[in-house]
Amino acid sequence: MKRRTNLKRFCGNCDGHNSYDYPSRVFCSTRHWQGKDPIVDTLWNCDDWNQVSQECYCVREAEKARDSHKQK
Amino acid sequence: MRREDYLRNPVEHMKLDAPLTVDQLMQQFARSGSFGAGRLSTACKIFEGMLRDKDCTVFLAVSGAVVPAGLRMLIGNLIRRRLIDVLVCTGASMVHDAIEAVGGRHYKGSWVKDDRELYKYHIFRIYDVLVPEEAYVRLDYRLSDIYGEIALERKGEALSSREFAWELGKRLNDESSILRAAYEADTPIFMPAVRDSEFGFIHWLHSSQRNVKAVLNVDAFKEVPELCSICSQSPKNGMIVLGGGVPRNAVQSSVLASKKGLDYAVVVTMDRPETGGLSGSTLEETISWGKMKGEADNVMVIGDIMIVFPLMTASVIERLGPDFSRVPVMSKFWRSQK
């Protein structure tokens, strides 16, 4: 299967992310290793971004949650 | 044997024409005495026998995901009521316990799920039980700190899996937790395959941090003399196995190493003996090693732990009655470090 390379550059698409407060916040193992606060927004990103090997719904669901929050 | 010896006990047919308690049902199973019903009623009798035998230390060996499936409080209550004396389990069982102790939950699901979709939603499946990834991640994050705390307190000393479980129980503030119950009751928990669980992988998370002050050290061999010493000092040893695997082997081999042999054994499993694996091996095979005495009360119940063990426990608790209390024989020689 071909790997997608046009993913949006968000923490929710980074290989360092794990679910924390689904879908709005993720746990970043890279930041934890660096001794920084590992809980970051799903739609944030940093210079250490590295694309996930298998896509998930985190970004899609976080965008939905953000948009529905804006409408309110 | 003479011919009439074979034909002494006729099958008594079950009468289910009135409301029954669990133990009344088990008594009907005993009167039938056949197939799974007979084995289950024998298992109840043997478990009751272990508990009424003042010289017997009762080991519960647990493998498989019975904690997320709903046996967490049952096992915790057995510990608090002193109806088991030693828990030997996989690391994963205590990870599942700790997940709930820090606020995570397991969810009822179905084995017919789209696992590719579950992956995309960060949901893990254990047959028909679902657990969101964040339940693990929140535990990982918390344990990463706890590991650091323990390492600092112990000043580099290597812990056995039993000491590790004790340190965890001390820090988990949840009355329903198995680890907490064991800590409060001073019941040892041994996890002979502790690194093959999230506890092991969290260690990587904890130890690879750039600013880590002290690294937790768990010694896989340190528990061997601890477990063997309990078997050796107990006048009698009884084992209940849920599943099999490493926990069953750890109990059986400790009893063998301490030159005792089991006096009582109940194994609940759905595994088969033909593969040569321990989980499905018969208790007769265990006799050949000297791990169980030839005259031991023993039975193997082929069935789903989630059905068999609650029935067995409910029946035995009913038989023992509300006034039954038990002082574990190992309380004469066992104290965890405080």
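**Digging into the sheet that holds strand 2 (residues 25-28) of chain A**
Right, so step 1: Spatially, 1-2-3 (chain A) is the arrangement adopted by the three strands of the open sheet, whose pairing is antiparallel. Among the strands making up the open sheet, the edge pair consists of strand 1 (17-21) and strand 3 (39-41) of chain A. For this sheet the average axis-to-axis angle between neighbouring strands, irrespective of direction, equals 45°.
Right, so step 2: Taken together, the four bridges between strand 1 of chain A and strand 2 of chain A define a ladder with antiparallel strand orientation. Following the sheet pairing, Asn18(A) is matched in strand 2 of chain A by Phe27(A).
Right, so step 3: Sitting on the sheet, helix 7 (residues 133-154) of chain B touches strand 1 and strand 2 of chain A, and the angle it makes with strand 1 of chain A is about 95°.

**Focus on the packing of helix 3 (residues 35-52) of chain B against helix 14 (residues 305-320) of chain B**
Residue and element names in this part refer to chain B.
Right, so step 1: Interhelical geometry of helix 3 versus helix 14 gives an angle of 50° and a closest axis separation of 9 Å. Taken together, the axes of helix 3 and helix 14 lie oblique to each other. In the crossing of helix 3 with helix 14, the sense of the turn from one axis to the other is right-handed. Touching Leu40, Ala43, Cys44, Phe47, Glu48 and Leu51 of helix 3 are Val308, Leu311, Met312, Ser315, Val316, Arg319 and Leu320, all from helix 14.
Right, so step 2: Grouping the amino acids of the contact of helix 3 with helix 14 by side-chain chemistry returns ten nonpolar, one polar and two charged.

**Structural notes on the interface of chain B and chain A**
Right, so step 1: With 14 residues of chain B at the contact, the number on the chain A side is 14 residues.
Right, so step 2: Looking at the side of chain B that touches chain A, the elements with two or more residues in it are helix 6 (115-120) and helix 7 of chain B.
Right, so step 3: Looking at the side of chain B that touches chain A element by element, the count peaks at four residues for helix 7 of chain B.
Right, so step 4: Its residues assigned to classes, the side of chain B that touches chain A comprises six nonpolar, four polar and four charged.

**What about helix 12 (residues 245-257) of chain B?**
Residues and elements named next belong to chain B.
Right, so step 1: Between its terminal C-alpha atoms helix 12 stretches 18 Å, which fits the 18 Å expected from 13 residues at 1.5 Å a residue.
Right, so step 2: Among the 13 residues that make up helix 12, ten are buried, leaving the element largely enclosed by the rest of the structure.
Right, so step 3: Listing the buried residues of helix 12 in full gives Gly245, Val246, Pro247, Arg248, Asn249, Ala250, Val251, Gln252, Ser254 and Val255.
Right, so step 4: Lysine 259 lies just past helix 12 and shows a positive phi near 55°.

**Some thoughts on the environment of Ile302(B)**
All names here are of chain B.
Right, so step 1: By the secondary structure assignment, isoleucine 302 is in strand 9 (residues 292-302).
Right, so step 2: We classify isoleucine 302 as partly exposed; it has 16 C-beta atoms within 10 Å.
Right, so step 3: Placed 34 residues apart in sequence, isoleucine 302 and valine 268 show a C-alpha to C-alpha distance of 5.9 Å.
Right, so step 4: Beyond its immediate stretch of four places on either side in the chain, isoleucine 302 contacts Gly36, Thr269 and Met270.

**Digging into the confidence of the model for chain A**
Do not read the fine detail of predicted coordinates wherever pLDDT is low.
Right, so step 1: When pLDDT is averaged along chain A, the result is 91; 92% of the residues meet or exceed 70.
Right, so step 2: Taking the mean pLDDT of every element in chain A, the minimum, 91, falls on helix 2 (residues 58-71) of chain A and the maximum, 98, on strand 3 of chain A.

**Overview of the sheet that holds strand 4 (residues 123-126) of chain B**
Backbone-to-backbone hydrogen bonds join strands into a sheet, with any given pair of strands oriented parallel or antiparallel.
Residue and element names in this part refer to chain B.
Right, so step 1: Taken together, the three strands give an open sheet; going across it, the order is 3-5-4, and neighbouring strands pair in antiparallel fashion. Whereas interior strands pair on both sides, the edge strands pair on one side only; in this sheet they are strand 3 (107-108) and strand 4.
Right, so step 2: Bridge count for strand 3 against strand 5 (residues 129-132) is two bridges, and the pairing is antiparallel. Bridge pairing in strand 5 places lysine 108 opposite valine 129.

**Here we look at unusual backbone geometry**
Right, so step 1: Cis rather than trans, the peptide bond between Tyr22(A) and Pro23(A) has omega equal to -5°.
Right, so step 2: Counting through the fold element by element, Pro23(A) comes out in the loop between strand 1 and strand 2.
Right, so step 3: Not every positive phi belongs to a glycine, and Lys155(B) is a case in point at roughly 50°.
Right, so step 4: By the secondary structure assignment, Lys155(B) is in the loop between helix 7 and helix 8 (161-171).
Right, so step 5: Although it is not a glycine, Asp186(B) adopts a positive phi angle of roughly 55°.

Each value, and the rule that gives it
- Residues numbered from 1 in each chain as written.
- Chains lettered and ligands numbered in written order.
- Predicted model: local features only at pLDDT ≥ 70, side-chain atom pairs only at ≥ 80, totals over all residues.
- Pairing = 2+ DSSP bridges.
- Helix = DSSP H or I, 4+ residues; strand = E, 2+ residues; numbered from the N terminus.
- Axes fitted to C-alpha atoms, helices over the stretch in contact; angles between N-to-C directions.
- Contact = placed C-beta atoms within 7 Å.
- Parallel < 35°, antiparallel > 145°, perpendicular 65-115°, else oblique.
- Left-handed = near helix turned anticlockwise from the far one by under 90°.
- Nonpolar A, V, L, I, M, F, W, Y, C, P; charged D, E, K, R; others polar.
- Expected span 1.5 Å × (residues − 1).
- Buried ≥ 20, exposed ≤ 12 C-beta atoms within 10 Å, placed from the backbone.
- pLDDT = per-residue confidence, 0-100.

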